[in-house]
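# Architecture at a glance
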Amino acid sequence: MSIRETDGDHSHLGDKLHLDRAHALHLLREMLRIRQFEERCAELYTEEKIRGFLHLYTGEEAIAVGVMQGLTGSDAVVATYREHGHAIARGLPMTRLMAEMYGKREGVSRGRGGSMHVFDADSRFYGGNAIVGGGLPLAVGLALADRLLGRAQVTACFFGEGAAAEGAFHESLNLAALWQLPVLFVCENNLYAMGTALERSESETAIARKAESYRIPAAAVDGMDVIAIEAAARRALAEIRAGGGPRFLECRTYRFRAHSMFDAQLYRDKAEVEAWKQKGPLLRFRQWLQEAGMLSAAEVEHLEAEVAEEVAAAVAFAEAGQWEPVEDLARDVYTEQPA
Amino acid sequence: MSIRETDGDHSHLGDKLHLDRAHALHLLREMLRIRQFEERCAELYTEEKIRGFLHLYTGEEAIAVGVMQGLTGSDAVVATYREHGHAIARGLPMTRLMAEMYGKREGVSRGRGGSMHVFDADSRFYGGNAIVGGGLPLAVGLALADRLLGRAQVTACFFGEGAAAEGAFHESLNLAALWQLPVLFVCENNLYAMGTALERSESETAIARKAESYRIPAAAVDGMDVIAIEAAARRALAEIRAGGGPRFLECRTYRFRAHSMFDAQLYRDKAEVEAWKQKGPLLRFRQWLQEAGMLSAAEVEHLEAEVAEEVAAAVAFAEAGQWEPVEDLARDVYTEQPA
Amino acid sequence: MSAQMIEISYREAVREAIREALNRDPRVFLMGEDVGRYGGCYAVSKGLYDEFGPERIRDAPLSEAGFTGAGIGAALGGLRPIVEVMTVNFSLLALDQIVNNAATLRHMSGGQFSVPLVIRMACGAGKQLAAQHSHSLEGWYAHVPGIKVLAPATLEDARGMLWSALEDPDPVVIFEHVMLYNRSGQLAADAGAVPIEGAAVRREGGDVTLITYGGSLFKTLEAADTLAADGIAAEVIDLRCLRPLDDATLMASVARTHRAVIIDEGWRSGSLAAEISARLMEQAFWELDAPVGRVCSAEVPIPYPKHLEDAAVPQTDDIVAAARAVLNR
Amino acid sequence: MSAQMIEISYREAVREAIREALNRDPRVFLMGEDVGRYGGCYAVSKGLYDEFGPERIRDAPLSEAGFTGAGIGAALGGLRPIVEVMTVNFSLLALDQIVNNAATLRHMSGGQFSVPLVIRMACGAGKQLAAQHSHSLEGWYAHVPGIKVLAPATLEDARGMLWSALEDPDPVVIFEHVMLYNRSGQLAADAGAVPIEGAAVRREGGDVTLITYGGSLFKTLEAADTLAADGIAAEVIDLRCLRPLDDATLMASVARTHRAVIIDEGWRSGSLAAEISARLMEQAFWELDAPVGRVCSAEVPIPYPKHLEDAAVPQTDDIVAAARAVLNR
Ligand SMILES: Cc1ncc(C[n+]2csc(CCOP(=O)(O)OP(=O)(O)O)c2C)c(N)n1
Ligand SMILES: Cc1ncc(C[n+]2csc(CCOP(=O)(O)OP(=O)(O)O)c2C)c(N)n1
Ligand SMILES: [Mg+2]
Ligand SMILES: [Mg+2]
C-alpha cells in the first residue's frame, strides 16, 4: 500500500510500453481528436448550436487517452459531465457524439443527454454523470456485476479532485476495497473544482494519499504525460486483472479553459494558466516525438488536417441530423413491454 | 500527524491526571450510575414501560465518562442513539432522563424523543441522533459557530465505528480539518455495527488511521480504561483549545449487550462477549482501585447502594410523570411567534 | 390451482419471495445493511445467509448512497439486485442515486440502458421509534418518473410482488410497512408471482370508497367493519401500486359510490392522498356528491410516546369519522 | 415611503438582500460551493467575497450533506447561516440533514432548540441542462413539517424575503428559479423586508383563478394577457410561500371565480399542484363550477434539446389551453 510518484522522465518507458512509432502516433492522434473536437464545440457553443452546460477537457486529454489504452472492449467506463475526451478515446464515433452535442436524434443518447450525458452501450460507456461523485457507486456496482458473473473485466471510473470531498467518494472506495472489486479509480486532479482551488476544498491535498485509508494501492502521475499515464494505468490494470482488487490513480493536470462556458475565471491567474499551457499534453508529446525523430512537422500538419476533416464531418453529420419528434418525449421513461 | 497507541498500562498516569482518590471515586461513580441506570432500563423495557428502540451502552461507559472529564460546561456534546451514558456523564439529571425514557412530559425532551433523542439546552447536549453519522455535520457547525463567535469552546462528537463508512463521516472530517475547527471526534469502536463486524464494514479497520487522510491528528486508546481515555481526551482537548484544530480519538471497546432489545446476537460468539466482559471498564477500574488501596469492598457496596437509590428515585420520578396532552402534539413544530 | 393453505406471516412471505428469487435466477442477490449475519433488522432475511452465503446475501457497510448506487451499477452490469435499504428513513441518503441515476438512466441514454433493480425498504410509524425513524415517504417516490413503486399490504402481495418486480426491466421500489411484518394468515402453499400493476378492491360496498394502501389497509378494513355495523357499505381499495396509479379502478368505484376518502400515513400536505384527490377532481368531479376526504398523518415529526404517536397517524376511528363526514351521517 | 425606483435584476435583488443581511447582523454568513471566489454558480454572490471576506462568504468543498448539516449546527450554535445549495438537484444529497435534523430538532427536543437557518437553492428547468440538472422539487420540501418554504418570483420578494426568513427562528428554504435570475425591472430603491407568509393576487379577474409560483408566474401572467384578449378575466395568484400555504387567499378567489387552474413546474403526479387541488376539493368543492385543472411538467426526466425541454415543462400556451378547458371555451 504505497503511493508511487512518477518522476516525469519517461524516456525509459518506450520499450516497456513497446512504444513504437505507430502507437505513439495513435496516442497523438487521439489527443488531437479530442482537442479539435472540443475546440470546435466551443465555437459551436458561441454560435448557439450547442446549449446547456459545456465542460471542456482541453488540457487533460492525456488522461483519457492514456488510461483507455489499457482497457479492452469489454471493460466498462464511467465518467463525468466533462466526458467528451473519454468518449472519443473510448472509440465512440465522433459523428454521433457531435449529434449528441446538438441534441439530435442521431446522437449517442438520442440527443436527450447533450454534452453531460454521453452513453454508449456497445462500448460499455456508462456516462456522462452530472452529479459530482454520482458515478463512483455505479462503477462499484458494475465491477461487482463483473465479479459475480465471473467476467474478467475492469471498470474504469473517472472523476475530478472535487469529487473527493463528497461522501460518495468515501463510500465507494470503501466498498470497492472491502469487496476487492476490479475498479480503476482515476482522479483527474486539475486543481480546481469550478472556482474552488484544491487547498480550499481538501485538508489533505495529496488525493492519492486518501486511497491509503481504504487500503487501496495508489499512484500519482503527471497528468500531462500520456506515456506516464498509459504506463501507470497498464500497471494498475494488470494488478486489478490479476485479482488484486481496486487501484487508484491520481493524474495531476490542469484545465486550460473555463470550468464551463459561463465562467469568468476570477479565481485563478492568467499567468498560472499560461504556465500550465506550456506543459500541455499535446504540446509536450509532439515536441518529444519530434525530438525523438519520430515525427516531422509535415506529418503533424497532415495529422491535424485529417483530424480537422473528421471534426468537420462530425459537424456536418450533426447539422444534418433530425430532432426527435415531440411525440417521443415519454418514450423510454420505462421500458416498453410487449402487451 | 500520527496515531498514538496507548499501551494499557496507566499506573504512571495517576499523577499526570492528579488522580486523587476523590477523582477516582468520581469516575467510578459516574460509570456505575450509567451502568445501573441502563440495567434498570433493560428491566423496564421488559416491563414495557420503555418502548421503541433501546440501545444500551453497557461496557462502553469508560468512554463517555473519560471524555466528559475534559469538557467545560460551555462545551458542546453531540451523540448518537446510544447516548444515555453521555447524557448522564454530561450531568443531565437522571430523573428527567428516566422520564424521557418513559415518554413523559417531565422528560428532558418533553418525552417526545425517548431513548434515542435526549436533548438538553442547559448543558449544550445536542442529542441524541438516530441517523448513523447524522450528528457529525452538526458538530462541525457547532464548532464553526463557536469559532466565528470567538468562543473558546469545543464540541465533542461521539459516534460508532459503523458511522465511519458513511459519507457524512468523510465530509465532516474534511470540513473540520479544512477549517481547523474545535471538534473532538470520538469514535466508539465497539467492533460491531448492529451485526456487522468491523472487518466486514471497513477495508481499513484501524479507524484512527482514517483521520490521517484529513490531516487530523488521531489517537487510539483502550476504550475500557477510563483513565487512559481521560488522559487522551484531555491531551486532545488541550491541543484543540490551543487552536490546533480538530482531533480524533478512537476508543476500542465492546458492547456487552445486544445492539438493541431486538437482537439475537447470532453474529458473535458468547465466548467473545465473555472475554470482553472480563475487561469491563467498571470491573477493571474497581479492581485497580482496590489493589491500589484506594477503595474498600465496603465502600464499593456503599457506592452501589447510593447509585441504586438514585436510579430508584429516577424511576419513581418517571412513574409520577404526566403524559403530554394530545392537544400539544403540534406544539413546537414551529416556534410560536408573538402575534 | 391447489387449495392447500399455509399459515404464514408477512415477514415470512417476503422471505419466501426472496428465497424463490434467489433459487430461480442466479443473477439475483440481496444486498443491504445487516441482511446477512444479523438476519435483517426486521428479521426478513433470517436464515438466508446460511442458505445462500455471503456473495448472494451481501452485508453492506453503513453507506446507503454507496450500496444503493452499487445496486444500480450491478443492475446495469447484468445482475438483478435486491437492495434492502433498512428503512425509508435512511433512504434519504440514497435518494440522489435513485432519482438521478436509477430513474433517469434509461430515458437519458436514449433507451440504451435499463436498470432492473429492486429496492426494498421498511416504512411507517407505529413502533414508537420517534421522529427520525417513522417516516412515510412513499408519496415522494411515487412522484419520480422512471421508477415504479409498490406497497404490498396483503400476504399474497408480500409473497408475489417481488418476483414480478425483478422481472420488470425498470427500477422498482417496494415499501414494507413495519406494522405488517408480524401479521399472519393463510396463504396458498403454491402462491407465486402476482402482477405489479392495478389496484385491488379488497371489500365491495356502494356507499363510499375508501382508498388506501400498505400499513393503513387493515385499519381501513376495520373501519369498514365498523361502518357496516351502522349500515354504511364502504368499498375498500388497496392501491398496491403507487406508481403508476390505477385510475380506472378508482374512477369506476367512485362512479358507483360518489363519495371517497383517502387514507394515507404520509403527512397531509403534499401526500400521495393529495394526488389521488386531485385525480378524482380531474376525472370524477361530476360523479362526486361530496368533497373527497383525506385521512393523513398530522404534520409533525412523529413523537415517541404511544398516545402521541397514535394521535399523529391515521387510526381506525379517524377513518370512520372521515367516512361519516363525507356521507354526512 | 420613497418612490424612487431603480432598475435591478432578480439576481441583483437577491445579492442586495444578502448584502443587507450581512451588514445588519454579524451572525449572518453565506456558505456554499463556489459562493466566494467564483461568485456563485449563478453569479448571485459576485463581489461579496471581496466585500466581506472568506469567513463570511465561505466557500465549501463539494459536500452537500456536510456543509448543510454544518449550517444546521451553526444555527444551533447561535449563528444565522445562509446555506446556498447550488441547485435543488444537489440538495438530494443534503435531504437527510434537512428532513431529519433541521426540520425535527425543535419538536423532537421538546422546544429546546431551534434552527434559524436559511437554505437557498436554484431550481427549475429552461436552461437545457437535462435530466439531472432541471428538477423542480419544491413540492417535496413543502411536504416537510418543521421547515418553511418560499418561492420568490418577483423582484420585491427576491429582495425582501431573505431578511424575514433570517429573522424567522425556524429553518426556511428559499427556491430561486433559474429562469428568473436575468429578469429585471423597477424596484423601490429602499425596498426591504417583506412578510414571508401569504399568497399575493398578482392580477385580478373574475372568470378563472390561475394559481402558480416561482418560475411559472410570468408565463401565467402572459397567459392571462392572452386570455384577456379573448375576453377572459383571469385572476393570477402567486403562492409565494409554499409551506405553509395560504388557503384563505385561494378560497376567496375561487369563491369569486368558481374555476381554477394550478400551474406548477413539478412533475404532475405528486406535485404541489396536487396538494392545492386537494385543498380546493376540501374547502371549495361547493364553489367549483368545473374540476380544477393542473398544468405540470410531463412525467419524464427533462431532456436536453430545447424543443423537448419546452414540451416537457409548462408553457404559456398550455396554461391558456387549460384555462379555456375549465371554462369550456
Ligand atoms: C453534487 C454536485 N454538486 C455540485 C455540482 C456543481 N458542479 C459541477 S462541476 C463542479 C466542480 C467539480 O470539480 P471536479 O470534481 O474537480 O471536476 P472538474 O470539473 O474539475 O473536472 C461543481 C461544483 C454538481 N454537478 N454536483
Ligand atoms: C443512516 C442509518 N442507517 C442505518 C441505521 C440503522 N442502524 C442503527 S444503529 C446501526 C449500527 C451502527 O453501528 P455503530 O456506528 O458502530 O454504532 P454502535 O451501535 O455500535 O454504537 C444501524 C445500522 C441508522 N440508524 N441510520
Ligand atoms: Mg477539478
Ligand atoms: Mg459499533
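Residues numbered from 1 in each chain as written. Chains lettered and ligands numbered in written order. Predicted model: local features only at pLDDT ≥ 70, side-chain atom pairs only at ≥ 80, totals over all residues. Heavy atoms only, no water.

To continue, consider the UniProt feature "domain: Transketolase-like pyrimidine-binding" (unreviewed entry) in chain C. Within the UniProt annotation, "domain: Transketolase-like pyrimidine-binding" (unreviewed entry) is assigned to residues 8-183 of chain C. This span, residues 8-183 of chain C, is 40% helix and 19% strand, and a straight line between its end C-alpha atoms measures 8 Å. (UniProt positions renumbered as here; feature names shortened; annotations may be inferred. Helix = DSSP H or I, 4+ residues; strand = E, 2+ residues; numbered from the N terminus.)

Another point: the site of ligand 1. Around ligand 1 sit 22 residues in total, of which A:R82, A:A130, A:E161, A:N190 and D:E64 are the nearest. Nearby residues place ligand 1 at the junction of chains A and D. Take A:Y81: an N or O atom from its side chain is 2.8 Å from an oxygen atom of ligand 1. Contact distances for ligand 1 include 3.0 Å between a nitrogen atom and a backbone N or O atom of A:V132. The class makeup of the residues in the shell around ligand 1 is 12 nonpolar, 5 polar and 5 charged. (Near = heavy atom within 4 Å. Polar contact = N/O pair within 3.5 Å; in protein donor to acceptor, adjacent residues only side chain to side chain. Nonpolar A, V, L, I, M, F, W, Y, C, P; charged D, E, K, R; others polar.)

Let us look at the UniProt feature "domain: Dehydrogenase E1 component" (unreviewed entry) in chain A. Residues annotated in UniProt with the feature "domain: Dehydrogenase E1 component" (unreviewed entry) correspond here to residues 30-321 of chain A. When the span residues 30-321 of chain A is considered, its composition is 47% helix and 11% strand, and the gap between its end C-alpha atoms is 25 Å.

Moving on to the interface of chain C and chain D. In this complex, chain C contributes 47 residues to the contact, which on the side of chain D involves 47 residues. Together, the buried faces of chain C and chain D total about 4,400 Å²; carbon and sulfur atoms form 63% of this surface. Summed over the three residues of chain C that lose the most area to chain D, namely C:W140, C:H143 and C:M281, the buried surface amounts to 17% of that side. Linking chain C with chain D are 8 salt bridges. One salt bridge in this structure joins D:E299 and C:R243, with 2.7 Å as the shortest N-O distance. Along the contact surface separating chain C from chain D lie 22 residue pairs in polar contact (both at pLDDT 80 or more). Elements supplying a minimum of two residues to the side of chain C that touches chain D: α5 (95-102), α6 (105-108) and α11 (272-284) of chain C. Sort the elements by how many residues they give to the side of chain C that touches chain D and α11(C) lands first, with 8 residues. Here the side of chain C that touches chain D is built from residues that sort into 26 nonpolar, 12 polar and 9 charged. (Contact = heavy atoms within 4.5 Å. Buried area = accessible area lost by both parts, 1.4 Å probe. Salt bridge = Lys/Arg side-chain N within 4 Å of Asp/Glu carboxyl O.)

Among the 22 residues in the neighbourhood of ligand 2, the closest are listed as B:R82, B:A130, B:E161, B:N190 and C:E64. Near ligand 2, the surrounding residues are drawn from chains B and C. One nitrogen or oxygen atom from the side chain of B:Y81 is found 2.9 Å from an oxygen atom belonging to ligand 2. B:Y192 has a polar backbone atom sitting 2.9 Å from an oxygen atom of ligand 2. For ligand 2, the protein covers 97% of the area, taking 580 Å² as the surface of the free molecule. Within the shell around ligand 2, the residues separate by chemical class into 12 nonpolar, 5 polar and 5 charged. (Areas by Shrake-Rupley, 256 points an atom, 1.4 Å probe, with all protein chains shown as cover.)

Residues and elements named next belong to chain A. All chains considered together, the criterion is met by 38 aromatic pairs over all chains. Pairing F53 with F262 gives two aromatic rings, centres 5.8 Å apart and planes at 75°, and the pair type is edge-to-face. Highlighted residues: F53 in the loop between α2 (21-46) and α3 (61-68) and F262 in the loop between β8 (247-252) and α10 (270-278), separated in sequence by 209 residues. Of the residues examined, F53 reaches a relative accessible area of 19% and is grouped as buried. (Phe/Tyr/Trp six-rings, centres within 6.5 Å; stacked < 30°, edge-to-face > 60°. Buried < 20%, exposed > 50% of the residue type's maximum accessible area, 1.4 Å probe, protein only.)

On to the side chain of D:S109, then. Note on placement: D:S109 falls in the loop between α6 (105-108) and β5 (118-123). Accessibility expressed as a relative area gives 0% for D:S109, which makes it buried.

This paragraph deals with the interface of chain B and chain C. Counting residues at the interface gives 40 residues for chain B and 32 residues for chain C. Of the roughly 2,800 Å² buried at the junction of chain B and chain C (both faces included), carbon and sulfur atoms supply 66%. Between chain B and chain C we count 0 salt bridges in total. Counting every contact that joins chain B to chain C gives 9 residue pairs in polar contact (both at pLDDT 80 or more). Considering each element in turn, the side of chain B that touches chain C owes the most residues, 3 residues, to helix α5 (residues 94-102) of chain B. When its residues are assigned to classes, the side of chain B that touches chain C shows 21 nonpolar, 12 polar and 7 charged.

A few words now on the coordination of the magnesium ion (ligand 4). All names here are of chain B. The coordination sphere of the magnesium ion (ligand 4) contains the protein donors E161 (OE), N190 (OD1) and Y192 (O), at a distance range of 2.1 to 2.2 Å. Within one chain, the residues donating to the magnesium ion (ligand 4) are spaced in sequence as E-x28-N-x1-Y. Of this pair, E161 sits in the loop between β3 (155-160) and α7 (167-178) while Y192 sits in strand β5 (residues 192-193), placing them 31 residues apart in sequence. Neither residue differs from the other here; E161 and Y192 are each classed as buried. (Donors = N, O, S within 2.8 Å, 3.2 Å for Na, K, Ca; no water.)

Residues and elements named next belong to chain C. Evaluated as defined, the whole model comprises 0 disulfides over all chains. Residue C123 stays outside any disulfide, its sulfur separated by 12 Å from that of C41, the closest cysteine. Residue C123 is classed as buried on the basis of its relative accessible area of 3%. (Disulfide = S-S within 2.5 Å.)

Moving on, we get to the environment of B:G195. Take B:G195: it is sitting in the loop between β5 and β6 (196-197). Spatially, the C-alpha atom of B:G195 lies 7.9 Å from that of B:R268, the residues being 73 residues apart in sequence. Beyond its immediate chain neighbours, meaning those up to four positions away, B:G195 contacts B:R200, B:Y267, C:D34, C:R37 and C:Y38.

Below, the discussion takes up the pattern of salt bridges. Pairs may arise between side chains of opposite charge once their charged atoms sit close together. The full count for this structure, using the stated rule, is 108 salt bridges over all chains. Members of the salt-bridge network, linked through shared partners, are A:R110, A:R112, A:E324, A:D328, A:R331, A:D332 and C:R106.

We now examine the relation of the copies chain C and chain D. Superposing chain C onto chain D takes a rotation of 180° combined with a translation of 0.0 Å along the rotation axis, leaving an RMSD of 0.0 Å. The relationship between the two copies is best expressed as a two-fold rotation axis. The overlap is high: 100% of the interface residues of chain C also sit at the interface in chain D, so the same surface is used on both sides. (Least-squares fit on C-alpha atoms with pLDDT ≥ 70 in both.)

Think of a sheet as strands paired side by side through backbone hydrogen bonds, with each pair either parallel or antiparallel. Residue and element names in this part refer to chain C. The sheet built from 5 strands is open, its strands ordered β9-β11-β10-β13-β14 with mixed pairing. Unpaired on one side and paired on the other, β9 (200-203) and β14 (293-297) mark the two borders of the sheet. On average, each strand axis in the sheet is inclined to that of its neighbour by 25°, with strand direction left out of account. Direction of pairing for strand β10 (residues 208-212) relative to strand β11 (residues 234-238): parallel, over a ladder of 5 bridges. (Pairing = 2+ DSSP bridges. Axes fitted to C-alpha atoms, helices over the stretch in contact; angles between N-to-C directions.)

What follows is about the pairing of strand β7 (residues 218-222) of chain A. Residues and elements named next belong to chain A. Counting buried residues along β7, 4 of its 5 residues qualify, which places the element largely inside the surrounding structure. Bridge count for β7 against β8 is 5 bridges, and the pairing is parallel. By the bridge assignment for β8, A220 is matched with E250. The parallel pair β7 and β8 is bridged by helix α9 (residues 226-244), and the resulting crossover is right-handed. (Right-handed = clockwise from strand over helix to strand, strands pointing away.)

Core analysis: the largest hydrophobic core is formed by 267 residues, its most contacted members being A:F185, A:F248, B:F185, B:F248, C:Y141 and D:Y141. Setting aside chain neighbours within four positions, we find B:F185 in contact with B:L136, B:V140, B:C157, B:F159, B:S172, B:L173, B:A176, B:I216, B:P246, B:R247, B:F248 and B:L249. (Core = buried A, V, L, I, M, F, W, Y, C linked by side-chain atoms within 4.5 Å.)

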